[in-house]
Amino acid sequence: MGSPPAQWMFVVDIEDFRHWSKEAANWGADYRASLPDLPVRPDIQPGDISKQIEESPPEHAESMDALFADFQEKIIPGITHWQHPGFFAYFPSNAAPAAVVADYLVTAISAQCMLWQTSPAATELETKMIDWLRQAMGLPKPFTGVIQDSASSATLTAILTMRERALAFSGNKQGLTSQPRLRIYASDQVHSSIDKAIWVAGIGDENLVRVPTSGPLRSMDTEALEKAIIEDREKGYLPAGIIGCVGGTSVGATDDIAAICEVAQRQELYHHVDAAWAGSAMICEEFRDLWSGIEGADSIVFNPHKWLGAPFDCSVQFLKDPTDQIKTLSIQPEYLKTLGQSDLINYSEWTVPLGRRFRALKLWFLMRAYGLGGLRSRIRNHVKWCSDVCEGLRDTKGFEITSEPILALFSFRHVPAGMTDDEALDAHNLRLVEAINRDGRIYLTQTKLDGQTAIRFTVGQFDVTEAYVLSAVYIVREIAEKIESVSE
C-alpha cells in the first residue's frame, strides 16, 4: 500500500508532549510577566479573529510549531487579559500561579471524577477542601458542600431543591403541569443567573417575586418579603424559597441575612444565599458582619475562582444538610453503582452534570502555596486600595461617588460643569468608560443605578500592586479631561 503522505505524519508522541508542555509553561510565565505592557482589552472589531480562521477543518495533520505560532499570532491579539493588573471590570476571575500548575496537572491526568470509584482521591480531596474552606470562612458544622462549575449551577441546584421540597418531591416524577404555581423571592439586586435558573427550573419568570430594597447596602425589605409570602399563600400560590444576596454584582448590594433567615424559618422556606464574589472575603473575620446570621441559611454559594485565586471554573456550594439536594438530583442506574459500597459520597449526585473535573486539586495547591494568611493579606489590601481610589475620585472636581465601597467595589460618575440633563450625563459617562477601555491601561464596566449610568470600579486581580491600583485615579482623571475638552 506504500507509505502514507508525509503531511499525515505529524503525531504528538510522548517526547513531543514533553517538549510542548515545557513550551506552553514557559510561554505562560512570559505572558504573565508581559501583561502590564499589554492593553487590558483588545482594540479589535467583531469578526477580526474569525476571518483569520480557516472556513473548514484540516484534512491532514499540521505541526505543533504551526499551531503554536497561530495561537500567538491569531488568538492572543483577540484576548481580554483578565490577569492584567489593570483589570478593574466585572469581578476578578483569578488564576494564582500555583493553582495554574495544579490545573496543568489536572488536564494531564484528565480524570472524570463523577463517582468515588472513578477517582477516589478526587472525591476525598474535595471533601477535605470543602471543610478547609468551611473552617476558613467561619461556618459552623454541620455545613458540608460540593464544588460546582459556577455560581449559576449552584443557584440552579438550590432552586431545583426548593422546587422539589415545596412539592413534596413530586415535581421530577409528575412534572409541573398540574402543580400549584411556585414562588421564589429575591431582591431587585440579585444576579441574572437567578432569573435563568428560574426559567430552567420550569418555575417561570413571572413567579420570581422582586422584593424592594433600601438603605446604603440596598438590602431586601424583610417586612415586604414576609408580607409578599403571606399574600401569595392567600392567593393560592406555593412559596418555595428565598434567595439572599451578599455583594451583588452591580454595586455590592447586601441583604440582612439574619433577618431573612428568621423569615425563612417562620415561613418554612428554603433559603439560598448568593455570595459568589463577596464570599471570598469571609476568610477575613472583620468582614463577616456582612453576612451575620449566615449559619441559618440552607445553601450558600461563593466562587473561589473570583477573588480567592483559583482558576475558573471553581464554585463552592455549602449546604447545611445535603439530603434534600441529593434527593432532588440523585439518579443511580446500574452502571453508576459502586458494588459492595453503599455509604460513599458520589458528588455527581449533588449536582446537575454527571461529569466532573478534578477541581479540588487547585484549591489544595492554592491554600497550601499561599496560606490563609497570604490570601487574607491580598483581600485586605484590595479593600483598602479600592477605598483609596474612591477617595481620590471623591476629592476630584467633577466626580461624584454614586455608591460607597462595599468591600472592594464602588461606583462613580463624571459630571462636567454645566451638564445637568440626565440623558446627556448618561451618554457622557458611557463615552468616558469606552474611552478608558480603548486607552487600554485599565478596564472598567458600567451599570445602571437608580436609573442613571454609573461606572463600576472593583479591585481583585491576584497579584496587583498598590501603585497600579492607585494609578487608576490619574488615568480616569486624564481621560475625563480629554473627552470633556473635546465636547466643549
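Now for a description of the structure that goes with this document. What you see is a predicted model; the values in this text were computed from it and never measured.

1. Things to note about a nonpolar patch on the surface
In step 1: Residues V101, Y104, L105 and I109 make up a contiguous nonpolar surface patch of about 360 Å² in total accessible area.
In step 2: Relative to the helices and strands, L105 is located in helix α3 (residues 97-109).

2. A few points about the sheet that holds strand β8 (residues 299-302)
In step 1: Strand order in this open sheet of 7 strands is β1-β9-β8-β7-β6-β2-β3, and the pairing throughout is mixed. Among the strands making up the open sheet, the edge pair consists of β1 (144-148) and β3 (208-211). The mean inter-strand angle of the sheet, taken between neighbouring strand axes irrespective of direction, is 20°.
In step 2: Bridge analysis of β1 against strand β9 (residues 315-319) gives 5 bridges, and the strand direction is antiparallel. From the neighbouring strand, V146 faces β9, where its bridge partner is Q317.

3. Quick look at the environment of A33
In step 1: If you trace the backbone, A33 turns up in helix α1 (residues 14-34).
In step 2: With a relative accessible area of 60%, A33 lands in the exposed category.
In step 3: Spatially, the C-alpha atoms of A33 and H84 are 9.8 Å apart, while their sequence positions differ by 51 residues.

4. Examining the nonpolar core
In step 1: Ranked by size, the top nonpolar core spans 82 residues in total, and within it W291, F318, F412, L444 and F457 carry the most contacts.
In step 2: Per-element tally for this core: the top contributor is helix α12 (residues 360-394), with 13 residues.
In step 3: Core analysis: the second largest hydrophobic core is formed by 25 residues, L167, A197, I203 and I243 among them.

5. Some thoughts on the packing of aromatic side chains
In step 1: Summed over all chains, the structure comprises 18 aromatic pairs.
In step 2: Plain terms: the ring middles of F87 and Y443 are 5.4 Å apart, the flat faces sit at 85° to each other, and that makes the pair edge-to-face. Remark: Y443 occurs in the loop between α13 (422-439) and β12 (445-449) and F87 occurs in the loop between α2 (64-75) and α3; sequence separation between them is 356 residues. When sorted by exposure, F87 lands in the same class as Y443, which is buried.
In step 3: Here F410 and F412 contribute two aromatic rings whose centre-to-centre distance is 6.1 Å and whose plane-to-plane angle is 40°, an arrangement assigned as tilted.
In step 4: Given a relative accessible area of 0%, F410 falls into the buried group.
In step 5: Given the relative accessible area of 0%, F412 is considered buried.
In step 6: Among the aromatic residues, ring-to-ring pairing joins W20, W27, Y31, F68 and F71 into one connected group.

6. Describing the packing of helix α4 (residues 120-136) against α12
In step 1: At their nearest, the axes of α4 and α12 sit 9 Å apart, and the two run at 40° to each other. The angle between the axes of α4 and α12 places the two elements in the oblique class. The handedness of the crossing between α4 and α12 comes out as left-handed. Residues A122, L125, E126, M129, W132, L133 and A136 of α4 form the contact with α12, whose participating residues are A360, L361, L363, W364, M367, R368 and L372.

Parameters and conventions
- Counting from 1, residues in each chain are numbered in the order their sequence is written.
- For a predicted model such as this one, the threshold for reporting local features is a pLDDT of at least 70, and the threshold for listing and counting side-chain atom pairs is 80 or more; totals across whole chains, interfaces and linings nevertheless cover every residue.
- Hydrogens are left out, water is left out, and the side-chain values use all remaining heavy atoms of the structure.
- Within the patch definition used here, like charges are joined within 9 Å and nonpolar side chains (Val, Leu, Ile, Met, Phe, Trp, Tyr) within 5 Å, considering only residues with over 30% relative accessible area and no salt bridge.
- Each accessible area is a Shrake-Rupley estimate made with a 1.4 Å probe; only the visible protein chains count as cover when residues are assessed.
- Whenever a carboxyl oxygen of Asp or Glu lies within 4 Å of a side-chain nitrogen of Lys or Arg, that contact is scored as a salt bridge.
- Helix and strand labels come from DSSP, where a helix needs a run of H or I of at least four residues and a strand needs a run of E of at least two; each type is numbered from the N terminus.
- Any two strands with at least two DSSP bridges between them are considered paired.
- Note on definitions: angles span 0 to 180 degrees between N-to-C directions of axes, and those axes are lines fitted to C-alpha atoms, for helices only across the stretch in contact.
- The buried label goes to any residue with under 20% of its type's maximum accessible area, the exposed label to any with over 50%, and the partly exposed label to all in between, with areas taken from a 1.4 Å probe on protein chains only.
- Within this scheme, the nonpolar core is defined by two criteria: the residues are buried Ala, Val, Leu, Ile, Met, Phe, Trp, Tyr or Cys, and they are joined through side-chain atoms within 4.5 Å.
- Ring geometry is summarised as follows: Phe, Tyr and Trp rings, the Trp one being its six-membered ring, pair when their centres sit within 6.5 Å, and such pairs are stacked at plane angles under 30 degrees, edge-to-face over 60 and tilted between the two.
- Comment on the angle field: the value is read as roughly parallel under 35 degrees, roughly antiparallel over 145, roughly perpendicular from 65 to 115, and oblique elsewhere.
- Should the near helix be turned anticlockwise from the far one by less than a right angle, the crossing is left-handed, and should it be turned clockwise, the crossing is right-handed.
- Working rule for contacts: check all heavy atoms of both residues, and any pair within 4.5 Å makes them a contact.

In short, geometric facts, not functional conclusions.
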